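The lines below spell out each chain.
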Amino acid sequence: MSPDQLVPIARTAAEMSYSPYSKFRVGAVVVGSDGETFTGANIENAAYPSSSCAEATAINTAVAQGVRKIDVITVACIDAKDVDGAYPCGRCRQIMSEFGVETVIVTAGDGSEVREHTLDELLPYQFEL
Ligand SMILES: [Zn+2]
C-alpha cells in the first residue's frame, strides 16, 4: 500500500485515541507481510507509564492476530504542529525492530507533509538476541 492510502487510515485511527491528559491524538496502521492491515491509537492512563502509544497498540493488535512480520507502519499525529514532533518514541522503535518493520511513514496535522524512512535510519544498531 502507498503512503497516499495509508495516511488516511492512520489519521482515522487517531480519531479513536483515548488521550484525555495530553490531548495529543495519534493513530497508526501496520501492514503485515501478507498485506493485512491493523490499526491502533494511543491509549492513556491516569498512571502515565501505563499508557500505550499508537504504534505499540497497532503492532500488538497485529501480533495478537498471529502476524510476526510487519513491513510498514504509518504514524499520524493529528494534533502535532509539524512532522518533527510526530516521530515514534524509542520504545516503539524497538518494538518495530522486533517485528521486522522496514518502512516508517510519519505525518502530522492535516497530513499534508509525509516523510518516509527506513527503520535502520530511525534506529541504527538495533538490539537483537
Ligand atoms: Zn511510542
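Our structure's up above, just so we're on the same page.
S.K.: Explanation requested: the packing of aromatic side chains in the structure shown.
M.R.: Within a pair of aromatic rings, the relevant descriptors are the distance that separates the centres and the angle that separates the planes. One pass over the structure, following the stated rule, counts 1 aromatic pair. Aromatic pair Tyr 21 and Tyr 48: ring centres 5.8 Å apart, planes at 55 degrees, arrangement tilted. Of this pair, Tyr 21 sits in the loop between α1 (3-14) and β1 (26-32) while Tyr 48 is found in the loop between β2 (37-41) and α2 (54-64), placing the two residues 27 residues apart along the sequence. Classification of Tyr 48 by relative accessible area gives exposed; the value is 55%.

S.K.: Just to check I follow, could you spell out α1 for this structure?
M.R.: Quick reminder: α-helices carry 3.6 residues per turn. Residues three or four places apart thus point the same way. The terminal C-alpha atoms of α1, which comprises 12 residues, lie 16 Å apart, in line with the 16 Å expected from a rise of 1.5 Å per residue. Listed in full, the buried residues belonging to α1 are Leu 6, Val 7, Ala 10, Ala 13 and Ala 14. End-on view of α1: buried residues confined to an arc of 125 degrees, all on one side of the axis. What points out from α1, more than 90 degrees from its buried face, is the exposed set Asp 4 and Thr 12. Looking at the buried residues of α1, the elements they touch are β1, β2, β3 (70-77), β4 (103-108) and β5 (114-118).

Scoring rules and cut-offs
- Residues numbered from 1 in each chain as written.
- Predicted model: local features only at pLDDT ≥ 70, side-chain atom pairs only at ≥ 80, totals over all residues.
- Heavy atoms only, no water.
- Phe/Tyr/Trp six-rings, centres within 6.5 Å; stacked < 30°, edge-to-face > 60°.
- Helix = DSSP H or I, 4+ residues; strand = E, 2+ residues; numbered from the N terminus.
- Buried < 20%, exposed > 50% of the residue type's maximum accessible area, 1.4 Å probe, protein only.
- Expected span 1.5 Å × (residues − 1).
- Arc of directions from axis to C-beta.
- Contact = heavy atoms within 4.5 Å.

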